[in-house]
Amino acid sequence: MRRAGAATARLAMALAPHARCIWIACGPGNNGGDGFAAALELVRRGRRVTVTFDGDAQRLPSDARDAFDRLCAAGIPIAPEAPVHFDLAVDALLGLGASRAPGGRMRDHLRRMQTRGAPVLAVDLPSGLDADTGQSSVDPGVAGPGLRHCLSLLTLKPGLFTAQGRDAADVVWFYDLGADRASVPPDARLPGRPAHASRPHDSHKGSFGDVAVIGGAPGMTGAAWLAATAALHAGAGRVFVGLLDDEAPSPAADDALMRRNPRSLALDRMTVVCGCGGGTAVDALLPEVLSRAKSLVLDADGLNALGRHPGWRELLQKRAQAHRATVLTPHPLEAARLLETDTQAVQADRLAAASQLAHALGCTVVLKGSGSVIASPDDCPRINPTGNARLATGGTGDVLAGMVGAALASGLDPQSAATQAVWWHGAAADGWPADRPFSASQLARQAGLGLAPPA
Ligand SMILES: NC(=O)C1=CN([C@@H]2O[C@H](COP(=O)(O)OP(=O)(O)OC[C@H]3O[C@@H](n4cnc5c(N)ncnc54)[C@H](O)[C@@H]3O)[C@@H](O)[C@H]2O)[C@@H](O)CC1
Ligand SMILES: Nc1ncnc2c1ncn2[C@@H]1O[C@H](COP(=O)(O)OP(=O)(O)O)[C@@H](O)[C@H]1O
């Protein structure tokens, strides 16, 4: 606890070096104890603190009680009220032990921290955030840049990076408390920037694979063109578009895209991206696609078709037995349909939902949304750390499907292809110039990414 307190104090001083008042809001458990220890350290270093305590000193766990006693012995009072002005707030109300939504004075304190415009540093976890799932019992609201920080102790928690976690925690710092946890298996991994490998000079378009996009039913052809454009810009060798609307004209998209009758495609030799704007028309082709595609990305209406025809899931299992790569890219509603549940249940535990689907269907699953989860049957799930709410606009999922297709076509295994494509897709949105309008069609042309070529 002393180490946690000292680390919190150091970070507080770095975040607000000229703070005239640091408010430390302490709760009834060891998270509060970390707050007491931080307050003591800050006072030792000459900082002015106001400490509030929402709990009962007689019922503090022993380490927290020690820290509380040391604070009292140093003559640091517990303030009856939160300060009117503060330059930094330290949220040490609830950490891992939060068992219900904060109420009463604790809730008022959290609201005060969120609305005063001063930065907030949460110790270990933002109060009310579930460490495993990223569900928050407190509305995290929206904060400006640099206003929310979380110092995660001992381990990084999955909930900081998915669902509501990214809004609640925002900037995540990590201190391992000096403990060696190398032997503890992780619940999830955070992928870093994928390796940037250059293409060998001695390569040709056949070296990077063929992608065929099958989708684009009447009125929805744009989705298929978006996926195809993204696949092309992401580096696929050749990209074919098999529209389900025979009559639709080809837009003035990239000239390099090749239009084909979807029934004439050599599926066995291609990476097929199926479902983008497919409507129910995709149903007529899906069994053949599932049976024959060399590798497959199933998105949108392809996933919905699978929900309507549970018998076709067997074809996915057969693909797995034949070691044919398959990646499903559901958003939470599509995942809910496949799991026969609702969106709320999927969002309540995104890691579990993605893993359950991956196991049930024997393929890699990308559960999209803030902190996309990538799960494969026999691998630790990944939580993608890139991306932002710019992506919350129509068509960006089609772009992702095309990017995953290009990555698979280049020879990457499904888990790596999905992880790398999701990473670059998010990174493109993160690096988007503030003065440039964002749209899925613009994004599709930025899909040129650092996808590593096959080993
Ligand atoms: N190995 C560890 O577990 C470590 C724990 N540390 C700290 O200890 C924290 C966990 O401590 P605790 O397990 O004591 O848990 P917390 O400090 O999160 O709180 C648990 C207490 O809060 C009460 N409580 C739960 N929900 C409440 C609500 N909504 N309103 C009011 N009271 C509520 C519980 O009845 C219990 O008394 C970590 O988050 C971290 O800050 C760190 O010092 C580092 C090491
Ligand atoms: N708030 C957000 N933060 C990060 N990524 C997001 C956010 N909203 C959407 N995305 C990403 O944008 C894409 C949207 O996909 P999807 O919902 O299928 O849209 P569409 O069907 O319109 O193409 C996904 O990759 C998703 O992860």
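Cut-offs and rules
Residues numbered from 1 in each chain as written. Chains lettered and ligands numbered in written order. Predicted model: local features only at pLDDT ≥ 70, side-chain atom pairs only at ≥ 80, totals over all residues. Heavy atoms only, no water. Domains from an automatic or database assignment. Contact = heavy atoms within 4.5 Å. Buried area = accessible area lost by both parts, 1.4 Å probe. Salt bridge = Lys/Arg side-chain N within 4 Å of Asp/Glu carboxyl O. Polar contact = N/O pair within 3.5 Å; in protein donor to acceptor, adjacent residues only side chain to side chain. Nonpolar A, V, L, I, M, F, W, Y, C, P; charged D, E, K, R; others polar. 1 Å grid on protein atoms, 1.4 Å probe; cavity = no way out; pocket = protein on both sides within 12 Å on 5 of 7 lines; lining within 4 Å. Points joined across faces, edges and corners; volume = space filled by probe spheres on them. Near = heavy atom within 4 Å. Areas by Shrake-Rupley, 256 points an atom, 1.4 Å probe, with all protein chains shown as cover. Sits in = over half its atoms within 2 Å of the grid points. Helix = DSSP H or I, 4+ residues; strand = E, 2+ residues; numbered from the N terminus.

Focus on the domain arrangement of the chain
Many descriptions give the size of an interface as the accessible area lost when the pieces come together. Segmentation of the chain into domains returns domain 1 (2-175) and domain 2 (205-445). The straight-line distance from the C-alpha centre of domain 1 to that of domain 2 is 41 Å. Facing 8 residues of domain 1, the contacting portion of domain 2 comprises 12 residues. Summing both sides of the interface, domain 1 and domain 2 together bury roughly 780 Å²; the carbon and sulfur share of this comes to 49%. Across the contact surface, domain 1 and domain 2 share 0 salt bridges. Where domain 1 meets domain 2, there are 7 residue pairs in polar contact (both at pLDDT 80 or more). When its residues are assigned to classes, the side of domain 1 that touches domain 2 shows 3 nonpolar, 3 polar and 2 charged.

Some points on empty space enclosed by the protein
This model, assessed by the stated rule, comprises 2 cavities of 30 Å³ or more. A volume near 190 Å³ is recorded for the largest cavity. Residue lining of the largest cavity: 16 residues in total, with Asp 91, Gln 114, Pro 126, Arg 148 and Ala 168 positioned closest to the centre. Class assignment for the residues of the lining of the largest cavity results in 10 nonpolar, 4 polar and 2 charged. By volume, the second largest cavity amounts to about 40 Å³. Around the second largest cavity sit Pro 262, Arg 263, Leu 265, Leu 267, Leu 285, Glu 288, Val 289 and Arg 292, which together line it.

As for the site of ligand 2
Close to ligand 2 lie 17 residues, the nearest being Lys 368, Gly 369, Gly 395, Thr 396 and Gly 397. Lys 368 places a polar side-chain atom, nitrogen or oxygen, 2.6 Å from an oxygen atom of ligand 2. Between ligand 2 and Gly 395, the relevant distance is 2.8 Å, taken from an oxygen atom to a main-chain nitrogen or oxygen of the residue. Surface burial for ligand 2 is 77%, taken as the share of its 580 Å² of free accessible area covered by protein chains. When atoms are counted within 2 Å of each cavity's grid points, the one that captures over half of ligand 2 is the largest pocket. Top element by residues in the shell around ligand 2 is helix α13 (residues 396-409). It accounts for 4 residues. Considered class by class, the residues forming the shell around ligand 2 number 4 nonpolar, 11 polar and 2 charged.

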